[in-house]
Amino acid sequence: MINEDAINDILRSQDNDDPEIDGSKRSFLWMGVGAIGAVYVGAIGYPVYKYLATPAERAASETAVNSATLDGADKLPVNSALMFKFGTKPAMLIRSADGNFVALNAVCTHLGCTVKYNPETVRIECACHGGVYDAKTGSNISGPPPKPLTKFNVEVQDGRVLVTRA
Amino acid sequence: MDASLLQEPRSRTSRAAAIYDWVDDRLDLTGLMAHAREKTVPEHKHAFWYYWGGISLFFFMVQVLSGILLLVYYRPGAEAYESVRQITYDIQFGWLVRSAHSWSANLMVFAVFVHMFSVFFMRAYRKPREFGWWSGLALLGMTMVFGFSGYLLPMDDLAYFATKVGLEIPASIPLVGTVITNLVRGGSEITSTTTQRFFALHVVILPLLYLPFLAFHVWLVQKHGNAMPPGEEAKPVEERRTIRFFPDFFAKDLGMWLLSLNVLAILASLYPWQLGPQADELASAPVGIHPEWYFMSQFQVLKVFGRWFPGAFGEYLGIVVFTLGLVIWALIPFIDAKGRNGKWAKAALYIGLIAVFGMLATTIWGYWDL
């Protein structure tokens, strides 16, 4: 507990100019009050921060994921796409007309909308602001996207497809 | 913007002074401070009881802040229990936030009762403070409903049965009881619909009702100042002692808040609030189940009346006795009005003593009788 009399002395001394309490004693007491106050702010602030940050911290450990196994994805029909989660973010596995697999991050590099594979144009499109990407390489072809979609490594195994960070 | 703000060069302190002046011109901070310095609070041997309204307010603020934090993860309805389980065991420091909310609720009810009885025995309900008394009673009633509705939200077995039993009391009111209770409960049984309703009541409806009453109550204290107990009022003015509201009383008030915070921190961290098994409508009631301590007195009176007068009659009688008691309690500013003779003042004193010791005795009896 803070010494109540000491605080009263300080508060009173501000307008009374009590000669018994000189400036250095006063500023020392105020420093003590400030330090104790800081301890309280920390003792309340830290648990509150950790409480609120729990989902964000969990998500951070999930984005550290380096691979995703897609069971049965080796049977994906040609000229179609399969959406899946890579860590916490949406990603897409595209099988082109020639039967090859490509895996790309499905988050538009412009403002974060989830993109869509269009089998008619054989391109990846973003509905939000009209961004267009190449379905084989992920490179940004037209519209606002500043960067290509990140490409993942694909390994087709018996009965499944393994996607790993490039 | 004030032109003086733009003048260069300036030291940091004179810039702060210029900002103060700018705000002061518009909001009259100096006038407010002068008012706070002029305001005085009586100082006497019973002055300790003046702090309990502020302590109640402090715990209410803790309720608002910790309640907002719980709101971040709590999900009413079918997932209620699971979400409280996550808060208690899964989210970092979730157990502490929940524990602080539950403990602070109990401490708030306790502080409110101390505040009410100290106001009563200082006879601070007398003219011109009648509305302070009535708005305080309204706040007390809402505090109890806050406690009752919040108790159900975790949907563990204790919450389930406490709410089940508690709702039997309004249900026993003749004619309208069943209809009203089924509306409140959202059906004839306590289900996820009930938690959804109690949640809406607890976090939206009650705060909306509570805050205007609280503002009115605090404004009245500001308007009338602290009441002096009659013994103090009888003294000639020059013998009465006062202290300044600011900074003297204010600093002591803050000291009490700090003490309250420390008590809460110790209780919430060393005695974390428990979560029982999930409510199961087919499970039998746990042995020794009882309401929260602040409902114990009413619970025991109803139980005893039920024992003495079996059947619905005992329950009616209990409710009638309680309602009468509450009416007398609310009418006390008229019974013991200012300027009335000593006989009425004495009557009020006995009413207060009966209320305090009656509540204490029935509460202790209630725990004895479990």
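Our subject is the structure that appears above.
Within every chain, residues take consecutive numbers counted from 1 along the sequence as written. Written order decides the labels, with chains lettered from A and ligands numbered from 1. Since the coordinates come from a predicted model, pLDDT governs what is reported: local features require at least 70, and pairs of side-chain atoms require 80 or more to be given and counted, while whole-chain, interface and lining totals use all residues.

A. The arrangement of the sheet that holds strand β5 (residues 116–118) of chain A in detail. Residues and elements named next belong to chain A. A strand pair is defined by DSSP finding two or more bridges across the two strands. Each helix is a run of DSSP H or I of at least 4 residues and each strand a run of E of at least 2, with the numbering of both proceeding from the N terminus. Strand order in the open sheet made by the four strands is β5-β6-β7-β8, with antiparallel pairing throughout. In the strand order of this sheet, the two ends are held by β5 and β8 (140–142), each with one partner. Averaged over all pairs of adjacent strands, the angle between strand axes in this sheet comes to 40°, irrespective of strand direction. All axes here are fitted lines through C-alpha atoms, helices being fitted over the stretch that makes contact, and every angle between N-to-C directions spans 0 to 180 degrees.

B. Main features of helix α9 (residues 192–224) of chain B. Residue and element names in this part refer to chain B. By this rule, a helix spans an expected 1.5 Å times one less than how many residues it contains. Over its 33 residues, α9 extends 46 Å from the first C-alpha to the last, a length consistent with the 48 Å expected when each residue adds 1.5 Å. At Leu206, α9 is deflected by roughly 40°, the largest bend along its length, and proline Pro207 occurs up to four residues later in sequence. Note on contacts: each residue gets a C-beta atom placed from the backbone, and two residues are in contact if those atoms are within 7 Å. Tucked into the core, α9 has its buried residues touching α3 (51–71), α4 (80–89), α6 (130–152) and α8 (177–185). Where α9 ends, the next residue or the one after it, Gly225, has phi of about 75°, a positive value. In this scheme, the bend at a residue equals the angle between the axes fitted to the seven residues that finish there and the seven that begin there.

C. Main features of the pairing of strand β9 (residues 151–157) of chain A. All names here are of chain A. Direction of pairing for strand β4 (residues 101–105) relative to β9: antiparallel, over a ladder of two bridges. Following the sheet pairing, Leu104 is matched in β9 by Lys151. In terms of strand pairing, β9 meets strand β10 (residues 160–164) through five bridges, oriented antiparallel. Residue Val156 lies in a different strand from β10, and its bridge partner there is Val161. The antiparallel pairing of β9 with β10 creates a hairpin that spans two residues between the two strands, and Gly159 there sits at a positive phi of about 85°.

D. Seen up close, helix α12 (residues 293–308) of chain B. Residue and element names in this part refer to chain B. For α12, which comprises 16 residues, the first-to-last C-alpha distance of 23 Å matches the rise-based estimate of 22 Å (1.5 Å per residue) to within 8%. The exposure scheme places C-beta atoms from the backbone and then counts, for each residue, the other C-beta atoms within 10 Å of its own, assigning buried at 20 or more, exposed at 12 or fewer, and partly exposed in between. Taken as a whole, α12 has its buried residues at Phe295, Met296, Ser297, Gln298, Phe299, Gln300, Val301, Leu302 and Phe305. Of the surrounding secondary structure, the elements contacted by the buried residues of α12 are α7 (157–171), α13 (312–330) and α15 (342–368).

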